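Structural overview
Below, each chain spelled out in residue letters.
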Amino acid sequence: MVIADFAFILVAAFVLICACVVVFHNKIIYSAFALLFCFFGVAGLYVFLNAEFLAGTQLLVYVGGISVLILFGILLTKNIEDLTSKEVSTQKIFGGLISVTFLGGLIYMVNSVDWKVSTPKPIENSPVEIGKLFMSDFLIPFEIAGVLLLVALIGAVVIGRDTDKDLEV
Amino acid sequence: MDNIFLWIAITLGAMVGLVSVVGIVSIYLERKISAFMQDRLGPMEVGFGSLVNAIAGKEVLREGRIGLAQSLADGLKLLQKEDIIPDGADKFLFKLAPMIVFAGTFSTFAALPLAEYFIPADVNIGLFYILAISSFGVSGILMAGWSSNNKWGLLGSLRSTAQMVSYEIPVGVSLVSIVMLTGTLSMKGIVVAQEGWFWNWHLFGAVGHHGLIGFVLLPMMVINFIAYFIGSLAETNRAPFDIPEAESELVAGYHTEYTGMRFAIFFLAEYGAIFVGNAIAVALFLGGWYSGIPAIDQANIPGIAPLVFILKTFVLIFVVMWIRWTLPRLRVDQLMTLCWKYLIPFTLFTFFSVAIYKVFIV
Amino acid sequence: MSYFGDIAKAVSTISTGMKITFAHFKNVGKNKGTFTTQYPKETLTAPAFSRQQLHNNIDDCIGCKKCAMACPVDCIDIVTVKAGADELSDCSDGTKRRLHLTVYDIDMAKCMFCGLCTYPCPTHCLTINDDHNFIKFERSELKYKFSAYSPEDVVRIEKEAAEREVIAKAEKAAKAKAKAEAAAKKKAAEVAKAKAEAEKVETAPEPEKTEPKAKTEPVAKTQVEQVVEVKKEEVKLPVAEAKENEAKAEEIKPTEDASKEANSDNETKES
Ligand code: SF4
Ligand code: SF4
């Protein structure tokens with residue numbers, strides 16, 4: 001399918017460009033928005049892997065939730081426009097060295113691993129299967145994640161209450 | 001290959017047409033309904049005849065019009081307006097923001113089940129897709145508010161986002177109850193589950209399918225529906241939850257600095273979002289394209305199904321407008337109180353009840 | 001249970017509000033339903049006592065300029081030309097008209113709708129009515145011209161008046177001559193002391209006979225002169241006069257007729 005290939009290249013290029021903007025752009029707000037689009041593009045990649053449910057979750061959690069939280073943090077910071085990443089990044093040579101090392105390691109890993117192409121047909125109704133797996137094989141991780149989030153939620157509420165006076169009321 | 005491109009073009013064209021028509025009709029209705037509720041007449045002068053004459057440069061006749069073409073004329077006016085970008089604005093993001101907001105709304109139209117064989121994209125996670133993609137528009141609002149370099153814009157967009165993110169919870173939970181009941185995420189599947197008489201609609205507890213025991217579900221579903229409706233009002237920034245664009249405090253919120261067509265796009269997106277919000281309510285609670293009387297559905301009248309669907313949606317839109325022109329705006333703390341202390345407990349309660357019903361009764 | 005109590009309260013108050021707005025929505029189009037007037041198509045009538053548009057019934061106007069003098073903002077512009085004897089008909093109330101009104105303009109753009117100009121009018125021809133519907137596209141269109149004459153008429157009238165003036169002057173000169181002659185004769189008669197008294201009696205009737213003619217002419221002339229004078233002093237005079245008028249009008253407002261009389265009395269005294 002030529003069209004599918006073409007679309008995949010488009011989406012992949014979009015993700016890559018956005019990722020580059022995240023890393024290289026001077027203005028932090030641009031980086032944040034680029035990150036958002038990057039997540040969006042990744043959701044598109046999931047669609048190519050026949051994982052629509054995962055794509056939707058990616059959108060809901062990363063685009064609608066995490067990116068917006070990051071943006072909130074940036075927008076509420078005072079004088080954020082004046083701050084550029086040039087002023088922040090100080091150890092260019094050392095940092096670059098580390099990055100290049102990691103990049104080399106990753107390329108080596110990708111090339112050396114013998115990637116297997118999955119033969120079974122993609123599952124038609126993936127949400128149902130995912131739900132079943134959550135409730136059977138992966139019940140413990142699922143529950144632990146739920147408890148963790150609940151703890152975080154309650155913790156946030158406790159921190160959010162500013163005085164003891166509120167607690168008495 | 002040609003066919004695919006043709007199909008994409010036709011679908012996109014139809015969707016753009018649908019969004020525009022929905023926007024134009026809703027804006028006209030809003031102006032008329034608000035006028036009637038305030039003992040005014042609303043737009044009365046611009047009919048289609050006078051619009052055509054005005055474009056052709058002929059004399060404009062004004063007899064017996066009810067202002068049907070007012071929104072079209074407004075659109076034409078907005079198209080001709082100067083496109084102002086503030087000096088201090090971030091030009092790139094400023095131009096991008098209306099597109100993102102519009103894209104967020106526009107994409108949701110793809111999964112609306114207008115009729116059994118009239119769904120632009122019948123994905124098996126339709127409902128999930130709509131919820132997910134509509135959160136994309138939130139970032140556009142943030143972008144608009146920030147890039148205008150305007151304190152009202154920024155405050156409006158922050159408020160809007162906070163409101164949308166927090167009201168996603170009751171909306172999501174109330175929708176999940178329906179998903180649990182029907183066992184599918186596909187919009188088509190959910191509507192098909194409500195086939196037949198109107199008491200099969202989820203609003204009335206789907207009594208027909210579940211028998212008398214379904215009456216247990218009825219109060220749950222009514223609560224669910226009301227919670228969803230309130231939540232969708234808040235998600236689309238409609239009164240009484242319009243604090244993001246509270247005129248008396250924030251001028252116009254995140255689109256304060258926008259003019260001309262960019263402003264019009266925000267407006268279209270807003271009314272599109274209202275349509276989608278109510279269309280989901282129709283599909284999930286009010287039987288979608290089924291008219292509620294089997295004889296009408298089986299009569300095979302061409303075009304009746306989308307008509308029924310759109311009609312139901314506009315009835316709900318009327319209620320939305322009715323509420324807007326009746327109730328005063330909530331404060332931010334009241335907004336959050338309503339969400340966290342009332343809607344979320346109630347939706348969680350119905351969620352557990354439906355779960356228990358599903359596990360032990362069915 | 002204030003939690004559920006609050007919910008019940010919310011439901012009841014919201015439904016009350018919604019009922020009210022729906023009632024208004026239903027009533028639209030009915031008589032009590034809408035308060036909008038579709039202005040160019042429908043108009044409301046102003047209250048009968050309102051002051052909106054000035055109207056001059058030009059056939060009754062004697063061109064006395066009392067209105068122009070009364071106006072605080074000088075928006076009435078009058079030019080008169082003396083008319084020949086019996087050239088103009090009388091007013092409806094029997095007042096004689098002796099002046100052609102070649103220009104009678106009221107600039108409604110300047111007018112402040114005080115109505116002061118209507119009180120002094122001796123023939124009650126200048127009125128202010130409740131017609132508020134006089135929208136114009138140009139400010140100049142707000143200058144209402146009440147004169148009944150076309151420009152050609154004006155030219156003709158002015159020409160005729162000038163001719164009459166010439167004739168009147170000639171007559172006057174002749175009369176002056178006659179008078180001088182008569183005086184000379186009288187002198188001569190006085191000088192001729194030896195003459196008989198019977199002769200004196202005979203010459204006397206002659207100047208008496210010319211006198212009525214001589215009398216009418218100067219009266220008319222002084223009026224014309226007065227008009228010219230007034231026109232020159234219009235700028236200074238009206239202010240003081242209008243103030244007086246205003247004060248008068250304030251005092252005697254309740255009875256319109258009384259105030260009118262008082263004003264016209266006042267005016268006649270002044271003039
Ligand atoms: S109404 Fe008043 S301002 Fe107008 S013309 Fe008469 S006196 Fe002058
Ligand atoms: S006061 Fe009356 S009669 Fe005199 S000039 Fe004015 S309108 Fe004419």
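**Comments concerning the overall build of chain C**
- A tally of helices and strands in chain C yields seven helices and five strands.
- Taking all 271 residues of chain C together, the buried fraction comes to 27%.
- Summed over all atoms, the accessible surface of chain C reaches about 18,400 Å², with 58% contributed by carbon and sulfur.

**A look at the site of ligand 1**
- In the region of ligand 1, 13 residues are neighbours, and C71, C111, C114, G115 and C117 of chain C sit closest.
- Tallied by class, the residues present in the shell around ligand 1 amount to 12 nonpolar, one polar and no charged.

**Details of the pattern of salt bridges**
- Throughout the structure, instances matching the rule amount to 10 salt bridges over all chains.
- Among the ionic pairs, R331 of chain B bridges to D333 of chain B, the shortest N-O distance being 2.9 Å.
- On the basis of relative accessible area, D333 of chain B is assigned to the partly exposed category, the value being 41%.
- The residue D105 of chain C makes a salt bridge to K145 of chain C at a minimum N-O spacing of 3.6 Å. Taken as a pair, D105 of chain C in strand 3 (residues 99-107) and K145 of chain C in strand 5 (residues 143-145) lie far apart in primary sequence, 40 residues in all.
- Salt bridges here are not isolated pairs; linked through shared partners, they connect E30, R238 and R324 of chain B.

**Looking at the interface of chain B and chain A**
- Listed by partner, the interface residues are 28 residues for chain B and 25 residues for chain A.
- At the boundary of chain B with chain A, total buried surface from both sides reaches about 2,400 Å², with 83% on carbon and sulfur atoms.
- Where chain B meets chain A, there are zero salt bridges.
- The interface formed by chain B and chain A contains one residue pair in polar contact (both at pLDDT 80 or more).
- Secondary-structure elements contributing two or more residues to the side of chain B that touches chain A are helix 1 (2-37), helix 4 (91-108), helix 5 (126-147) and helix 6 (151-182) of chain B.
- Looking at the side of chain B that touches chain A element by element, the count peaks at 11 residues for helix 5 of chain B.
- Along the lines of polarity and charge, the residues of the side of chain B that touches chain A split into 22 nonpolar, four polar and two charged.

**Quick notes on the packing of aromatic side chains**
- Using the criterion set out here, one finds 33 aromatic pairs over all chains in the structure.
- Ring geometry for F53 of chain A and F128 of chain B: centres 4.8 Å apart, planes at 15°, overall stacked. Taken together, the positions of F53 of chain A in helix 3 (residues 52-76) and F128 of chain B in helix 5 put the pair across two chains.
- Residues F275 of chain B and F314 of chain B carry aromatic rings whose centres are separated by 5.9 Å and whose planes lie at 55° to one another, so their mutual orientation is tilted. On the criterion of sequence distance, the pair formed by F275 of chain B in helix 11 (residues 260-285) and F314 of chain B in helix 13 (residues 304-324) is long-range, its members being 39 residues apart.

**A closer look at the interface of chain C and chain B**
- Residue-level contacts link 18 residues of chain C with 19 residues of chain B.
- Together chain C and chain B conceal approximately 1,800 Å² of surface at their shared face, both sides included; 68% is due to carbon and sulfur atoms.
- It is Y3, M18 and F25 of chain C in chain C that bury the most area against chain B; as a group they hold 31% of the surface buried on that side.
- If you look at where chain C meets chain B, you find five residue pairs in polar contact (both at pLDDT 80 or more).
- Within the side of chain C that touches chain B, the residues separate by chemical class into nine nonpolar, seven polar and two charged.

**Regarding the environment of K187 of chain C**
All names here are of chain C.
- By the secondary structure assignment, K187 is in helix 3 (residues 151-191).
- Judged by its relative accessible area of 59%, K187 falls in the exposed class.
- Distance in space between the C-alpha atoms of K187 and C114 is 61 Å, their sequence separation being 73 residues.

**Some remarks on helix 11 of chain B**
All names here are of chain B.
- Here helix 11 is 26 residues long and its end C-alpha atoms lie 38 Å apart, about the 38 Å a rise of 1.5 Å per residue gives.
- With 21 of its 26 residues buried, helix 11 lies for the most part within the structure.
- Phi for G287, located one or two positions after helix 11, is positive at around 80°.

**Thoughts on a nonpolar patch on the surface**
All names here are of chain B.
- There is a patch of nonpolar side chains on the surface, built from I213, V216, L348, F352, I356, V359, F360 and I361 and spanning about 780 Å² of accessible area.
- The residue L348 is located in helix 14 (residues 332-361) in this model.
- Exposure remark for L348: the relative accessible area of 34% places this residue in the partly exposed category.

**Here's the deal with the domain arrangement of chain C**
All names here are of chain C.
- With domains assigned, chain C is organised as domain 1 (54-149) and domain 2 (150-200).
- Using only C-alpha atoms to locate each centre, domain 1 and domain 2 end up separated by 36 Å.
- Across the boundary between the two partners, domain 1 contributes nine residues, which contact 10 residues of domain 2.
- Carbon and sulfur atoms make up 62% of the surface buried where domain 1 meets domain 2, a total of about 700 Å² over both sides.
- Run the count over domain 1 and domain 2 and you get one salt bridge.
- One salt bridge in this structure joins K82 and E165, with 4.0 Å as the shortest N-O distance.
- Taken together, the connections running from domain 1 to domain 2 amount to one residue pair in polar contact (both at pLDDT 80 or more).
- At the level of elements, strand 2 (76-82) and strand 3 are the ones that each hand at least two residues to the side of domain 1 that touches domain 2.
- Across the side of domain 1 that touches domain 2, the residue classes break down as four nonpolar, three polar and two charged.

**Overview of the site of ligand 2**
- In the region of ligand 2, 15 residues are neighbours, and C61, C64, K65, C67 and C121 of chain C sit closest.
- Considered class by class, the residues forming the shell around ligand 2 number 10 nonpolar, three polar and two charged.

**Things to note about the environment of I28 of chain A**
- With respect to the secondary-structure elements, I28 of chain A resides in helix 2 (residues 28-48).
- Linking I28 of chain A and L60 of chain A, residues 32 residues apart in sequence, is a C-alpha distance of 23 Å.

**Overview of helix 5 of chain B**
Residue and element names in this part refer to chain B.
- Taking 1.5 Å of rise per residue, 22 residues should cover 32 Å, and helix 5 covers 32 Å from first to last C-alpha, within 8% of that figure.
- With 20 of its 22 residues buried, helix 5 lies for the most part within the structure.
- Following helix 5 by one or two positions, N149 has its phi on the positive side, about 55°.

Cut-offs used in this document
- Residues numbered from 1 in each chain as written.
- Chains lettered and ligands numbered in written order.
- Predicted model: local features only at pLDDT ≥ 70, side-chain atom pairs only at ≥ 80, totals over all residues.
- Heavy atoms only, no water.
- Helix = DSSP H or I, 4+ residues; strand = E, 2+ residues; numbered from the N terminus.
- Buried < 20%, exposed > 50% of the residue type's maximum accessible area, 1.4 Å probe, protein only.
- Areas by Shrake-Rupley, 256 points an atom, 1.4 Å probe, with all protein chains shown as cover.
- Near = heavy atom within 4 Å.
- Nonpolar A, V, L, I, M, F, W, Y, C, P; charged D, E, K, R; others polar.
- Salt bridge = Lys/Arg side-chain N within 4 Å of Asp/Glu carboxyl O.
- Contact = heavy atoms within 4.5 Å.
- Buried area = accessible area lost by both parts, 1.4 Å probe.
- Polar contact = N/O pair within 3.5 Å; in protein donor to acceptor, adjacent residues only side chain to side chain.
- Phe/Tyr/Trp six-rings, centres within 6.5 Å; stacked < 30°, edge-to-face > 60°.
- Expected span 1.5 Å × (residues − 1).
- Patch = residues over 30% accessible without salt bridge, like charges linked within 9 Å, V, L, I, M, F, W, Y side chains within 5 Å.
- Domains from an automatic or database assignment.

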